[in-house]
Amino acid sequence: MTVRPGGGRAIVCSFAAAIMLAATGCRRPLKPGDPLRGLSASERNRFDQGKLVFDSVFTPETGLGPLFNANGCAECHEDPVAGGTGDEVERHATAFHQVAPAGARQCDELAGQGGPVYQNHVTAALHTALGIDSEPVPAAATAIAARTIPDVFGFGLLDAVPDSEILAYADPDDRNHDGISGRPNRFFDGRLGRFGRKALVPTLREFNDGAFAAEQGITTPASPTEETVAGTPIPAGTDPAPDPELTEQRAELADAFVRLLAPPAPLKFSREAREGSDVFKHLGCANCHVPTLTTGDSPVAALRHKQVAAYTDLLLHDMGPDLGDLCLGLATPTEFRTEPLMGLHLMPQFLHDGRAKTPEEAIELHGGEAARSRDLFHALPPGERAALLAFLKTL
Amino acid sequence: MFRLVLSSLLVAVAPTLAASQQAPHDSVRGAVRVVDARARTLEVTTGVGMALRVVRLQVPAAVPVTTSSAGSDQLALSDLKPGDVVRVTFGNRTGALVAYTIERIGRMATGVIPSP
């Protein structure tokens, strides 16, 4: 047996490295766009197949339009990889009445007039037929709002959080008198909503199917009818693809890709960031940006009974008049769903319309139920303020 | 195929597309958007995700309006309020959607009750 000089030390080092890897689960950090850990071969295959659908570029002949915001999912959800954010800004519009008109709701989502999503682009055929370059917003709208592109990393985990957990955080009448209400939104069939900036949409599958229809003008078996042009049916001859323009199988695969995307791994905590985590709780930020949610049962083991560092309660909160814009379902113009902070370090802009360019600016723009936390932030000594911002930049 | 799609629903049916159908029986679950008891019309908001649709229905006087919360008690059309969650079966007659049955199953409300 030949023993090389230093061989013993090398073995010890390798052993130590092995122990360290074991302690960290032998895992490299997940990168944006990676699938959840622990997928079965079949689930991983669906994820990969779904990414192909997500990355597809559609044309009018394959279903695009006639009204659309993007020619594929990845045209908007592109930064830093498929599933991420993007620089597109959408137009949404609704009508909110301080007093409900006779026989009608206070909030009109303008669903009968093409709303609430008003597409920024039209196909050449629709342009020729109507002479428009985008969908006109009807005069009935009381608010037209900008909406930025959210990343969809970790959305499968949010989908798997049981209603009961979300409702446990709700305090619509502020019975504990902490100034934080937390109201559930409901879809039109009464189910609890959770997706979208106003928490209107109950499930991820509907969020995705609805996006094919509203963002790309692509009909699916679940949403088989085209958008109207502000309430007027699209002219004959402007939509060459037969409905549904996307098969159930392809819609399901696209959903699988989004559902199985891992949440972004938080960055390594510095000592300052660790202190900032305490400041976050001390200021009351965690009352709405609940650090951890727990998923319930799921047919996908990687989604079942998992903790997700979402930093949201998925409920509506009044954010004050300066941020107010649309109503949607039960959400009044000033109410927004607590934005999940997971993946915050990947975001180039903040708040629902991107008006804040830094997390600090976003905090400054909080109002309503968050006004007290904002004021406490103002009053922080510079060191604690820096610590809080350092913490946020790790999320 | 199209009938299968409609039957699968989740979904609203845009009147123009539905008008081309001969499906005798479809259903929709959504929230009352507008109810006009005098004109006997009902509009229901529904949809998938952010792709929202409105189904506009005529409601003949003989159409049963019931509620699931109190057995099968009979309601008047005028008892329905905007924001009520309803399940409606309907068909297409001479280009218009006509309700066959209307069941009130809950209400869009912000409380912490489970979904209906």
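Only a predicted model underlies this, so the values are computations on that prediction, with no experimental measurement involved.

**Focus on the overall build of chain B**
Helices and strands together make up the secondary structure of chain B, namely 2 helices and 7 strands. Order of helices (α) and strands (β) in chain B, N terminus to C terminus: α-α-β-β-β-β-β-β-β. Looking at chain B as a whole, 41% of its 116 residues are labelled buried. When contacts within chain B are restricted to residue pairs at least 6 apart in sequence, those whose partners lie at least 24 apart make up 49%.

**Here we look at the overall build of chain A**
Tallying secondary structure elements over chain A gives 12 helices and 10 strands in all. Over its C-alpha trace chain A gives a radius of gyration of 23 Å, about what one expects of a compact globule, namely 21 Å for 395 residues. Viewed in the frame of its principal axes, chain A has a C-alpha envelope of about 85 × 55 × 35 Å. Looking at the 395 residues of chain A, the share that counts as buried comes to 51%. Residue pairs at least 24 apart in sequence account for 69% of intrachain contacts in chain A once pairs closer than 6 positions are excluded.

**A short note on the confidence of the model for chain A**
A low pLDDT means the predicted coordinates there should not be read in detail. With 93% of its residues at a pLDDT of 70 or more, chain A has an overall mean of 94. Low confidence marks residues 1-24 of chain A, where pLDDT is under 50. Its contacts with residues over four positions away, or in another chain, come to 1 contact.

**Regarding the packing of helix α2 (residues 41-54) of chain A against helix α8 (residues 248-259) of chain A**
Residue and element names in this part refer to chain A. Relative orientation of the contacting elements α2 and α8 amounts to 110 degrees, with a least axis distance of 7 Å. Looking at the two axes, α2 sits roughly perpendicular to α8. The residues of α8 that touch α2, namely those facing Arg 46, Phe 47, Gln 49, Gly 50, Lys 51, Val 53 and Phe 54, are Arg 250, Leu 253, Ala 254, Ala 256 and Phe 257. For the contact of α2 with α8, the class distribution of residues is 7 nonpolar, 2 polar and 3 charged.

**A word on helix α7 (residues 204-216) of chain A**
Residue and element names in this part refer to chain A. With 13 residues, α7 ought to run about 18 Å at 1.5 Å a step, and its terminal C-alpha atoms sit 17 Å apart, in line with that. Gly 210 marks the point of greatest bend in α7, at about 25 degrees. Counting buried residues in α7 gives 13 out of 13 residues, a clear majority hidden from the surface. At the exit of α7 stands Gly 217, carrying a positive phi of roughly 70 degrees.

**Considering the pairing of strand β7 (residues 96-107) of chain B**
Residues and elements named next belong to chain B. Where strand β4 (residues 65-67) and β7 come together, 3 bridges link them in parallel fashion. Residue pairing in the sheet places Thr 66 in a bridge with Glu 103 of β7. Where strand β6 (residues 84-93) meets β7, 10 bridges bridge the pair, whose relative direction is antiparallel. The residue of β7 that forms the bridge with Asp 84 is Arg 107. Turn length for the β6-β7 hairpin, with the two strands adjacent in sequence and antiparallel, is 2 residues, and the turn residue Thr 94 shows positive phi of about 45 degrees.

**Some thoughts on the interface of chain B and chain A**
Contacts between the two partners involve 37 residues from chain B, matched on the other side by 40 residues from chain A. Contributions of two or more residues to the side of chain B that touches chain A are made by α2 (15-19), β1 (26-36), β2 (41-48) and β3 (51-58) of chain B. Among the residues forming the side of chain B that touches chain A, the class breakdown is 21 nonpolar, 12 polar and 4 charged.

**Notes on the confidence of the model for chain B**
All names here are of chain B. In this model, chain B carries an average pLDDT of 80, and 71% of its residues clear a pLDDT of 70 or more. In this model residues 1-23 is a low-confidence stretch, pLDDT under 50, and it forms 47 contacts with partners more than four residues away in sequence or in other chains. Complex prediction metrics read pTM 0.90 and ipTM 0.92.

**Digging into the nonpolar core**
Membership of the largest hydrophobic core comes to 120 residues, with the highest contact counts inside it found for Ala 254, Phe 257 and Leu 261 of chain A together with Val 44, Leu 57 and Val 88 of chain B. Those residues in contact with Phe 257 of chain A, other than ones at most four positions away along the chain, are Phe 47, Gly 50, Lys 51, Val 53 and Phe 54 of chain A.

**Let's talk about unusual backbone geometry**
Residues and elements named next belong to chain A. Omega for the peptide link from Gly 65 to Pro 66 comes to 10 degrees, which places this bond in the cis form. Position of Pro 66 among the secondary structure elements: in the loop between α2 and β1 (67-68). Here Gly 115 and Pro 116 are connected by a cis peptide whose omega angle stands at 0 degrees. A positive phi is found at Tyr 311, a non-glycine position, where the angle reads about 55 degrees. Within the element layout of this structure, Tyr 311 appears in the loop between β8 (307-308) and β9 (316-318). Notably, Leu 351 is not glycine yet its phi reads approximately 70 degrees, a positive angle. Within the secondary structure, Leu 351 is located in the loop between β10 (335-337) and α10 (359-364).

**Brief notes about the pairing of β3 of chain B**
Here is the key point about a regular strand: its side chains alternate between the two faces of the sheet. Residue and element names in this part refer to chain B. Of all 8 residues in β3, 6 are buried; the element is thus mostly enclosed. Looking at chain direction, β2 and β3 are connected through 8 bridges and run antiparallel. Pairing of Glu 43 across the sheet is with Arg 56, part of β3. A loop of 2 residues connects β2 with β3, the two strands running antiparallel in sequence, and Gly 49 in this loop sits at a positive phi of about 60 degrees.

**Digging into the packing of helix α9 (residues 271-282) of chain A against helix α12 (residues 382-392) of chain A**
Residues and elements named next belong to chain A. Closest axis-to-axis distance for the α9/α12 pair is 7 Å, and the angle between their directions is 100 degrees. By the criterion of interaxial angle, the relationship of α9 to α12 is roughly perpendicular. The residues of α12 that touch α9, namely those facing Glu 272, Ala 273, Glu 275, Gly 276, Ser 277, Val 279 and Phe 280, are Glu 384, Ala 386, Ala 387, Leu 388, Leu 389, Ala 390 and Phe 391. Residues of the contact of α9 with α12, tallied by class, amount to 9 nonpolar, 2 polar and 3 charged.

Conventions used here
Residues numbered from 1 in each chain as written. Chains lettered and ligands numbered in written order. Predicted model: local features only at pLDDT ≥ 70, side-chain atom pairs only at ≥ 80, totals over all residues. Helix = DSSP H or I, 4+ residues; strand = E, 2+ residues; numbered from the N terminus. Buried ≥ 20, exposed ≤ 12 C-beta atoms within 10 Å, placed from the backbone. Contact = placed C-beta atoms within 7 Å. Rg over C-alpha atoms; globule rule 2.2 N^0.38 Å. pLDDT = per-residue confidence, 0-100. Axes fitted to C-alpha atoms, helices over the stretch in contact; angles between N-to-C directions. Parallel < 35°, antiparallel > 145°, perpendicular 65-115°, else oblique. Nonpolar A, V, L, I, M, F, W, Y, C, P; charged D, E, K, R; others polar. Expected span 1.5 Å × (residues − 1). Bend = angle between axes of the 7 residues up to and from the residue. Pairing = 2+ DSSP bridges. Core = buried A, V, L, I, M, F, W, Y, C linked by C-beta atoms within 7 Å.

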